[in-house]
Each structure stands twice: as structure tokens, then as C-alpha cells.
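A look at the structure
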Amino acid sequence: MSTVKRRFSPLHVDAEILVFLYLPLLVLILGFVVPILSVVIHATAWGVINNPTYFDISKEAFAEPVLVQTSEIGGHSVIQVKIRGFDFGVIGNSLFIATSVTLASAVLGAAVALLTGFYLFPGRRVFRVLAFVPLLIAPFVNSYVVTRILMYKGTDYNVLSFLLSKMFTEPFLGRSIYIGFTGQAGVIIAQILMFYPIVYINALAALGVVDATLIEQALNLGARGWTLLRRIVLPLIIPGILAGSTLVFILSLEDLAAPVTFKFYKVISYFIYSKFQAARASSYLPIIATLSTIMLAAALIPMFLVRRYLSLRYYAKLTRGAPRAFRGVRLGRRGLLAAYLLVLPMVLLAAAPQFGVVALAFSRGWEHVFPSLLPREALLYNFKSLIEVDGIRRSILNSLYYLGSSIVFIALLGFMAGYAISRARLPGAGLLDLLSSAPLAVPGLVVAFSYLVFFTVHPVNHLLSLAAAASAAAMMHVLILAYILRKLPFTVRAVFTSVIQTPEELEEAARSLGARRMRVISRIVLPLTWRGVVAGLLLSAIYVLSEVSVSVTLGALNGDVYSPTHIGPITFAILQLIEMPRVSTVRLPGGRLLAVSSEAQAAALATMLMLIEVAVIMVSTRLARRGQALVTV
Amino acid sequence: MSLGQGAGPAGNEGGAGEVSRKGFIRVENVVKRFGRTLALRGVSLSIEEGELFAILGPSGCGKTTLLRVIAGFEVPDEGRVYIEGRDVTEVPPDKRGTVMVFQNWALWPHMTVYENIAFGLRLRKLPEEEIRERVRWVLELLGLRGLENRYPGQLSGGQQQRVALARALAVKPRVLLLDEPLSNLDAKLRLKLRGELKKLQRQLGITMVYVTHDQEEAMSLADRMAVMRDGIVEQVGAPMELYRSPATLFTAVFLGRTSLVLGRVVGTTRDARVRVRVGDTEFEAVNHGLGVGDDAAVVVKADGARLEPKGAPEGYTVIEGRVSVAMYLGSFIELRLAPRGAKTEIMLDLPPDSSPPPPGEEARVYVPVENIHAYPVEERIVREAMEQA
């Protein structure tokens, strides 16, 4: 009896599949896992946990979260309401903010998804469009506009105070109200407005694939209203809500925009960012490595817990679609009232920053309540300055260079990995599946810092010593590597979804007729999956363009935005224009001089970015014939 | 006589390990696991050149896995596969000379009928003129002329099935492997295509391995067939041989319209037959290894039963019992009767011109002894058969 033992089918061990599986795996291990481990081994400053600067839950931490007082300003009676939250130290604040933002986003996102996805009511489409608007990434400028709308100014109106004063308090109480957020509360509110749509879009996608018969059966048995939502609909979309919420938690942890614009610097992300350059001098290395490790653990633990529950493959199942989607139930009068009085203001408020960014792009600045529009003859000044100002033009060219270089590798590695995960039955396929989606779970700042350590500090990498890596060209290559690995998951998952939806028999039929793997891929797989592949690639591309964490840290290593030889991309330029505002002057045709602030130039850059995003999302949705379920920054 | 053999409990031509050296396709002691599931448990088979060989069995018995092992889409954990004497166990599917037709036909939706059929020919680097000729020939053969520029989505189910077959036949394979190719079609079309397939196989002389769960399809098509259960081959042989002389309890229960009753052997008769007592009734059965006093699982085939013996009563045995159902079904009358003192009913098909007693009355029915087989009791098979009765 022949007892030759084999574990794998020859169908799955041809040379091509070996390359498809093990090359991306090798790249991910060497380019992603090893650098991150090199940070973890430097995490030695665990004493920070006992230091009140980093972690504080004493009485003072809870002091005066809200300040209300009445004052006389300029002869007017004013009610001042300052909402500032708490201060739990660098680590405590990050965890508290991320938890609060996640919970609030989950509730708000799910509510808006249920309202617009499950109910039929007049104005539903407007709600849906408005809820999508905050998904357009306008890094930093978006948060800056939130500060104009909601930040406590003390002696002046923000947009919210202006509206409340003019509509309510001045006519009825004869007083103005200066209400606003600052500190920790400001960061929380800004992040909720930025990130709740991520839960919304995931919940909506989950709702879209719920089989209509499941709901119709419940209706048929008499379930209505809250019972129907709580017992049937919510449990069915919980995976979507959980997936979105996990991402929100990670994004909140690594967000820099809200802390920078609200000037609340006691969070891990800002600490890493501000000490990034100093870390190379090694005195800060242990503490940043420790904070990075804490951030990494805080991001990974919920991700793994949720993954155990639903796994990222959930999205593949999502996109397979249900036999028939539910068309919705009519919203009753009370529901309609709640929709317009409670949900609409929230949705409008969340969409307002994006509209504000566009308005600011055509303005001189935003000093007072509303932005000051540029005169008609200089309306496009900010957009022109993008090309005319050396440093800004440099950032656009850098972005294009990074995009062009990284996208080729993302396409190759992404296709290989996505195909191998769905087809290879070899050891390592599961690991590749895990590692190729892991970059989504690892905060970008941790990646950036790990690259800094790995390529410049770590003694093992003397070949790529500090001197070599400090050269602009070398650091640009490191940036490209970071973009490739951070944004690879979008392509991998799009390819995986497309391939898994294509019956394997179509490939087997070709193999059975004598075709080798590459022929099967070129003649059968690619023609059937190219839409999904291109859609994923476009998403990767847009996320490369709007990437923040790596861009503003590694990208800052060769000079600031006003240096013509800096290596930072667009997002780096936007941050610097916001964080280090300058005023430039425009000479109008009549000879009049006009002062324009750099925030407005940042808004023009962000507007350009949003336009590209709109185009890409439209094309990619059309190509993939479905909405993209997962959105991240 | 067949060269094939089962490696199951009753391999009809020798036990596992004694595999013929002949055979166009040979499968030797193949074991295939999927995680903890053992899909094939040491299967051996031998298929002759030019033969239409069916693999029959219920869902999950391993028949498709066995076909995929022959095709090269699965590699066995143990055992070997030979085609034309060559060990192909580790040869990839594209180098085996076998072509497979899938249950869902696997037509490439982005290619026209012509492109689908020409695909395999182009891989063989045939001149374009010859490809055109070959496609024309196969379109003609399968009655698909005029459809060459259509996409699969524009074809009916029957046409799609024919295109799948045409694509496979166009490359003139030595071995054609078919995985339930007719199961997605309606009954009438299935019957029509079954006939066409048989005709084609004769005409082209291709060795075909045909997997199906439909026993009528297997029996009508196959020169020989294997019955599978739980990853083992129960029996291999010509359809009539399997039907008339089922070597195992499973094969007996699985093939044809059958009833299974439990009884005890009370005596032996000539010609290796036994007398079994079922309830208070005794009748004869073909013996499969039982001795007097043994418990018996008795399988009764429904066909051939009569109220009066046809000709001499030799070869018949009488089953007596109370009639519970008598249904006229056109070509026969289905009679169900419970032998006196027995808990289970026996189903018998009487000629349509019979006049059976009405329900509630006693009946004496003559049944050919060759249609009654007694086996040692196998709990699981008995339980499943009783549940399905």
C-alpha cells in the first residue's frame, strides 16, 4: 500500500502561487512587523504610568469640566459657557477621548444609519448625502473649521454662539451667549463629528445586505417600532457597528488634527508628534517607544476582540449581497419629528466643517464669526498660491511622486496577496490574511516612529545609519515604503473580495483544459475581477494622498513647508500652514493690498484633495458596483 | 467481468490493497482528509478505456472528491492515481489529459460561446483554421450552431450545459470527468441530454467518469458503476449486477425502490438462501453471510411482486400481511403491507391490472426471492433507512 503523505494539492503549489503568497508575506514581515517590534523592545519607560503628567485620576483631573459665568463685555451682558472636560494626563486623556468618541460615534452612526437606511420619509436622500459629507477627508483644516464653529473664544462669538445668541438669547433674554468647547471636550466633539460617519457607513452597509425576508417575517409576526429595531434589525447590523467603532477607536487614538487645532496637547499622539525629531537623539526614545507601545496595545486589543467576533472577512460576505434588500418602512409622525429636530442638526453640524473648508478656500481667513471672502478679482488667490508658493508646490509634487511610486507596488503586492489569501491552501495564507489587514489596526504614528527607529536608531541597522537615512532621498524611500504597507489593505481586501466572489470552478475549468496559473489569471481572473481590483487601488491611492501620520512626522525630517527642498507631501503642508500660520499679502489690480492667512491656503489644498476624493469614490463605487464599506484616514 | 473493486466492507473483487495492474484509470487506496473530516477512506477503483463509469452515492459520500482527485484538483493524503499506467498523483490538473465538466458548468461569463470553446484549443497552440474547424465540428455535434457569438448569460440552461460539454469535447480529451452535469436542469431536459450524452460517448469512444446522486441516471448511462458511502466504495459492477446482486446492505437499500424490515434467520434452504421470520411471517431471502438464529436486515425490492405467481411458483416466496395502502400510480400499483406481528411495512409494486384487497384486509403477495436479500444488521444503515421509510 502506498502511503506517501502529502498535505497540499499541486494545484496550489505551483511556482506562481508560491511567489504570490510568500513575497507579500516577506515584505510585510520585514517592512512592517520587524520595525514595530524594534519599537516595542525600546519601550522601557514604564514608570510613566505612575507619573501624573501621563496618567492622573486625582481630584484635580476632574476639576471644573464646565465653567458658566455671567460677565459684562463691551457694555453687553454675556453668559459665558466654557466646556473643557477633564485632564487625565497624556495616556489617560488618549484612552478617555478614544472611548468617549467611540461610544458616541457608535450611537450616532447607528442612529443615522437606521434612520436613513431603514425608514422612508421625506428628505431621506438629503440626510444620506449630508451624512456622507464628513467622510471627505480634509486633514487638519476640517478640525480648524470645527474650532471656528465650536471652540470657546471667551470674548467673541463662534458660529454656534452667534446662532444661539441671534436666534434665542438676545431676542428672549437680552444677553449674548459665548458657548464653546475647549481642551479635552473640544477634541472629543471634533472627533465625534469627524469619525461618526465611519460607523454610519459600516452600519448602513450591513443594513443594505440584510435579507428583506428576515424583516418582513418579523413585520408579519407583528413586530413594530422599537421592538423591530431592537430585536431584529440591530442584532443583524451589530457586526457593521462593531467594525466601524473599532476603526473609530484607532483613528481617535492616533488623531493629531483635533489636539493641534484645539491646542490640547496632553494626548499620546501629539506627544509622539512633537517629540518625533528629538527621539533620534535617543533621550526621548524610551518614553516615546513606551507611549507608542501603549498606543499599539490600546489599538490592537479591541481590534482582536472584535475580529474574533466577526473577522475582517466579514466585508467579503457583506459585498456578496443579499437575495433582496429591504426597501424600508414608513417613518411615523413622531419619528419624523425626532429626525428633523434631533438628527438633522447633528448631521448638519458634522457636515458643516467640510462646507466651511470650501468657504475658507475662497477667503482671506477666518478671524471672526464667519470667513472673510476674498474680493471677486482675487477669488482664486489661494488656489493660485498652491502653485506659486515654492514649498506648497513642492508638497504637491512630492505627493504625486509618492503616489506614483507606491501605487505600482500596492497594485503588485495587493493583487498577489489578495489572490493568494483567497486561493492558496498553504501554510502562511492565514498569516498573510492577518498581516495584510494589520496595518489598519496599527496607528500611523506608531508606524512612523517604528520606521524612524528601525532605519535610523536601531543598532542592527547600521547599514542604514542615521546619516544615510537623514538624506532626503533615503527618507523619501522610507516614506514610500510606509505608504505601500499602510495603504495595502484596501487593495488586498478589494482583490480578495473580487476573487472570492468568482467561482473557483471557472479557474479549475481553465486548468483542466491545460492552462497554467498565469494564463488562468490573465485570461480568467483579471477580466472577471478588474473592476474590484481597480476600485481597491483607487481607494489605496486616495488614502496615500490623504495619509497624515507618516506624512507629518517622517515627512518633516527635511525642513518645513516654506523650505523648497522639503520632502513633505500635501498633508504635511496643510498641517504646517495651520500650525504655523503666516500672513501673505496680495496686491489687487487697483493697487490695494490684502492680507491672506495661510489657513486659507491650507483650505484650498484640502478642497483640492476633497475634489479628488469625490471623483475617486464615485469612480470606484461605479466600478465595484457597491459602496465602499470601510473608510479610514 | 469487472476489473474494478471496492475497498469498502464488501469490495466485490478482493479486499483493499489487491488492486489490478490493468485499468485505464486506477485509483489505489486513496485517503483524503479535509481538516478532521475523512472524505475518502482508502478508495480503490479501476476504470477501463472507453468505458462510461458512474460514481453514485448520496450527498457527502465523497464522490465529487474522488472525481477531483482523478482530475488533480485534490491530492490524496495517501494512495496513488494512475492514468494510462502513468502515476499522475502529483501531476497538476493541466498536465493530466483529463478534462472536467463542472456541476455549475463554469462557463466564463466574459467570453462568447466561441471563445469559451476555443480556449482549450488555443492553449494547445492549434492553427487558427483548425480551431475554427474544431469549434464548428463540436457546435454541430451538440446542436449549438448559430450560438457562437452569444455570451453564456444569453443562453438557456440546456444550451449552457451543452457549451460546457462542447468546450470539454473540443480538445478531444482521453478522459472526460463529469460532476453531476445534468443536476441543474429540469427533469425533461435532463432525460433528453442523458440520451445525447450516452450517444456521444459511444460515438467518440471517450472514457467518461460520471458522478451523480441520481441512481436512475447512473444506471441508464453507465457501463459500470461504483456505489459510494461515507468515503468508501461499497460495490463496483454493471448496473444490473449491482441492482440484482447487491453485495452490501447499503447498496441493496440504496438502489431501487426498497423496504427494509428486521427479522431473524430461522432456517436455510438450497441455493444459499435462508428463511427469515419477520413478525409472525416467514419468507425466503438471498443470504449474505447469515446463519440460523442471526438477526437479519431484510431488504425487499418493490418490483416483480404479483398477487399470483407468473408461471411456476418456484423462485417466488410469499409475503403475507395486512394492507395499509394500495395506490394506483399509472404504471403500477403501490401496495404497502405490514407482515403479521411486524412493526414495519413492506412496499411492493403490483402490475397495474392487479386487484389488490382494500386497506385493512389481509393479502398474500408473491415476490421473486432474488428481490429479497438478508444481511447482518448494520445499525446506522438500518436507522437511516427506517427514518427515510
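Only a predicted model underlies this, so the values are computations on that prediction, with no experimental measurement involved.

**A word on the overall build of chain A**
For chain A, the count of helices and strands is 25 helices and nine strands. For a compact globule of 633 residues, the expected C-alpha radius of gyration is about 26 Å, and chain A comes in at 26 Å, within 12% of that figure. Each of the three principal axes of chain A carries a C-alpha extent, and together these read 105 × 70 × 60 Å. Expressed as a percentage of the 633 residues in chain A, the buried residues total 53%. In chain A, of all internal contacts separated by at least 6 residues, the share reaching a separation of at least 24 is 80%.

**Regarding the overall build of chain B**
Counting its regular elements, chain B contains nine helices and 19 strands. In terms of principal-axis extent, the alpha carbons of chain B reach across some 75 × 45 × 40 Å. Scored against the burial criterion, the 389 residues of chain B give a buried share of 47%. Sequence separation of 24 or more characterises 66% of the internal contacts of chain B that already satisfy a separation of 6 or more.

**Some points on the sheet that holds strand β12 (residues 273–278) of chain B**
Residues and elements named next belong to chain B. Ordered by their spatial adjacency, five strands build a closed barrel running β11-β12-β13-β19-β14, and the pairing between neighbours is mixed. Ignoring strand direction, the axes of neighbouring strands in this sheet form an average angle of 50 degrees. Here four bridges tie strand β14 (residues 295–301) to strand β19 (residues 372–375), and the two strands are oriented antiparallel to one another. Counted as the bridge partner of A297 is Y375 from β19.

**Structural notes on the packing of helix α20 (residues 472–501) of chain A against helix α22 (residues 517–545) of chain A**
Residue and element names in this part refer to chain A. Packing of α20 against α22 leaves a shortest axis separation of 8 Å and a crossing angle of 155 degrees. Here α20 is positioned roughly antiparallel relative to α22, judged by the angle of their axes. For the element pair α20 and α22, the recorded crossing hand is right-handed. Seen from α20, the contacting residues are Y483, K487, F490, T491, R493, A494, V495, T497, S498 and V499; seen from α22, they are V525, T529, G532, V533, A535, G536, L537, L539, S540, Y543 and V544. Broken down by class, the residue content of the contact of α20 with α22 amounts to 12 nonpolar, seven polar and two charged.

**Some remarks on the interface of chain A and chain B**
At the interface, 25 residues of chain A touch 30 residues of chain B. Looking at the side of chain A that touches chain B, the elements that each hand over two or more residues are α21 (504–512) and α22 of chain A. Among the elements that line the side of chain A that touches chain B, the one with the most residues is α21 of chain A, at seven residues. Classifying every residue of the side of chain A that touches chain B gives 13 nonpolar, five polar and seven charged.

**Some words on the packing of α21 of chain A against α22 of chain A**
A pair of packed helices is characterised by two quantities: the angle between their axes and the separation of those axes. All names here are of chain A. Closest axis-to-axis distance for the α21/α22 pair is 10 Å, and the angle between their directions is 140 degrees. Taken together, the axis directions place α21 and α22 in an arrangement best described as oblique. Crossing of α21 against α22: the hand is right-handed. Taken together, the residues of α22 that come into contact with α21 (itself represented by L506, E507, A510 and R511) are V520, R523, I524 and V525. Among the residues forming the contact of α21 with α22, the class breakdown is five nonpolar, no polar and three charged.

**What about the nonpolar core?**
In this structure, V141, A482 and I574 of chain A together with V298 of chain B are the most contacted members of the largest nonpolar core, which totals 316 residues. The dominant element in this core, judged by the number of residues it contributes, is helix α6 (residues 183–208) of chain A, at 19 residues. Beyond its immediate sequence surroundings of up to four residues, I574 of chain A is in contact with P139, F140, V141, A602, L605 and A606 of chain A.

**What to know about the sheet that holds strand β2 (residues 37–47) of chain B**
Sheets are built from strands that pair by backbone hydrogen bonding, the pairs being arranged parallel or antiparallel. All names here are of chain B. Across the sheet, four strands lie side by side as β2-β1-β4-β5; this open sheet has antiparallel pairing. A single partner strand is all that each edge strand has here, and the edge strands are β2 and β5 (86–87). Pairing analysis gives two bridges linking strand β4 (residues 78–83) to β5, with the strands arranged antiparallel. Bridge pairing in β5 places Y82 opposite D87.

**Overview of helix α1 (residues 63–71) of chain B**
Along an α-helix, a turn takes 3.6 residues, which lines up residues three or four apart on a common side. Here α1 of chain B lies mainly inside the structure; nine of its nine residues are buried. Looking one or two places after α1 of chain B, you find G72 of chain B, whose phi comes out positive at around 100 degrees.

**Describing the pairing of strand β15 (residues 316–328) of chain B**
The two faces of a sheet get side chains in turn, since along a regular strand they alternate between them. Residue and element names in this part refer to chain B. Across seven bridges, the pairing between β15 and strand β18 (residues 362–368) is antiparallel. Among the inter-strand pairings, G321 is bridged to a residue of β18, identified as A363. Hairpin connection, β15 to strand β16 (residues 333–339): the antiparallel pair is bridged by four residues, and G330 has positive phi, about 90 degrees.

**What to know about helix α3 (residues 128–141) of chain B**
Residue and element names in this part refer to chain B. The end-to-end C-alpha distance of α3, which contains 14 residues, comes to 20 Å, matching closely the 20 Å that a straight helix rising 1.5 Å per residue would cover. Among all positions of α3, only I131, R134, V135, V138 and L139 are buried. Down the axis of α3, the buried set is contained in an arc of 130 degrees. They therefore lie on one face. Along α3, the residues that are exposed and aim more than 90 degrees away from the buried face are E129, E130 and E140. As for α3, its buried residues are in contact with α2 (113–123) and α4 (157–170). G143, located one to two residues past α3, shows a positive phi value of around 65 degrees.

**Re unusual backbone geometry**
Of note in this structure, E64 of chain A is not a glycine but carries a positive phi near 40 degrees. Mapped onto the secondary structure, E64 of chain A falls in the loop between α1 (15–40) and β1 (66–73). Of the residues examined, E64 of chain A has 10 C-beta atoms within 10 Å and is grouped as exposed. Of note in the backbone geometry, A106 of chain B takes a positive phi value of approximately 50 degrees without being a glycine. Mapped onto the fold, A106 of chain B is located in the loop between β6 (98–101) and α2.

**Quick notes on the environment of Y381 of chain A**
All names here are of chain A. With respect to the helices and strands, the residue Y381 is situated in helix α15 (residues 381–388). Given 23 C-beta atoms within 10 Å, Y381 falls into the buried group. Distance in space between the C-alpha atoms of Y381 and R364 is 9.1 Å, their sequence separation being 17 residues. Residue contacts for Y381: discarding those within four places in its chain leaves L374, V586 and V596.

**Brief notes about the environment of L373 of chain A**
Residues and elements named next belong to chain A. Note that L373 resides in strand β7 (residues 372–373). A C-alpha to C-alpha distance of 3.9 Å links L373 and S363, two positions 10 residues apart in sequence. Excluding anything up to four places from it in sequence, L373 contacts F362 and S363.

**Brief notes about the confidence of the model for chain A**
All names here are of chain A. This prediction gives chain A a mean pLDDT of 86; 91% of its residues lie at or above 70. Mean pLDDT across the secondary structure elements of chain A bottoms out at helix α13 (residues 314–320), with 37, and peaks at helix α2 (residues 89–118), with 95. Here residues 1–8 is a poorly scored stretch, pLDDT under 50, and it has 15 contacts once near neighbours within four places are set aside; other chains count.

**A word on the confidence of the model for chain B**
All names here are of chain B. Residues of chain B with pLDDT of at least 70 account for 94%, and the chain-wide mean is 88. Note that residues 1–20 has pLDDT below 50 and, in this model, 59 contacts with residues that lie over four places away or in other chains. Quick note on the complex model: pTM equals 0.80, ipTM equals 0.73.

**Side note on the environment of N158 of chain A**
All names here are of chain A. Locating N158 in the fold gives a position in the loop between α4 (141–150) and α5 (159–173). You can call N158 buried: it has 22 C-beta atoms within 10 Å. Sequence-wise, N158 and R148 are 10 residues apart; in three dimensions their C-alpha atoms are separated by 5.8 Å.

**Some thoughts on the pairing of strand β1 (residues 25–34) of chain B**
Residue and element names in this part refer to chain B. For β1, the buried fraction is high: seven of the 10 residues fall into the buried class. Here eight bridges tie β1 to β2, and the two strands are oriented antiparallel to one another. In the sheet register, V30 faces β2, and the bridge partner there is V43. Between β1 and β2, which follow one another and run antiparallel, lie two residues, and G35 among them has a positive phi close to 65 degrees. Where β1 lies against β4, five bridges are found, and the strand directions are antiparallel.

Reading the values: the criteria
Here, residues in each chain are numbered from 1, in the same order as that chain's written sequence. Labels are handed out in written order, letters beginning with A for the chains and numbers beginning with 1 for the ligands. Local features are withheld for residues below a pLDDT of 70 in this predicted model, meaning they are given only at 70 or higher, and side-chain atom pairs are given and counted only at 80 or more; totals for whole chains, interfaces and linings count all residues. Numbering of helices and strands runs from the N terminus, with a helix taken as a DSSP run of H or I at least four residues long and a strand as a DSSP run of E at least two residues long. C-alpha atoms define the radius of gyration, and 2.2 Å times the number of residues to the power 0.38 defines the globule rule. Exposure criterion: with C-beta atoms placed from backbone coordinates, a residue whose C-beta has 20 or more other C-beta atoms within 10 Å is buried, one with 12 or fewer is exposed, and one in between is partly exposed. Here, residue contact means that the backbone-derived C-beta atoms of the two residues sit within 7 Å. When DSSP finds two or more bridges between two strands, those strands count as paired. Between N-to-C directions, angles span 0 to 180 degrees; the directions come from axes that are lines fitted to C-alpha atoms, helices contributing only their stretch in contact. Each angle is binned into one of four classes, with values under 35 degrees roughly parallel, values over 145 roughly antiparallel, values of 65 to 115 roughly perpendicular, and all other values oblique. Should the near helix be turned counterclockwise from the far one by less than a right angle, the crossing is left-handed, whereas a clockwise turn marks it as right-handed. Residues are grouped as follows: Ala, Val, Leu, Ile, Met, Phe, Trp, Tyr, Cys and Pro are nonpolar; Asp, Glu, Lys and Arg are charged; every other residue, Gly included, is polar. To count as a nonpolar core, a set of buried Ala, Val, Leu, Ile, Met, Phe, Trp, Tyr and Cys residues must be joined through C-beta atoms within 7 Å. For a helix, the expected span equals 1.5 Å multiplied by the number of residues minus one. In this description, the arc belongs to the directions extending from the helix axis to the C-beta atoms. Per-residue confidence from the prediction method is given by pLDDT, with values spanning 0 to 100.

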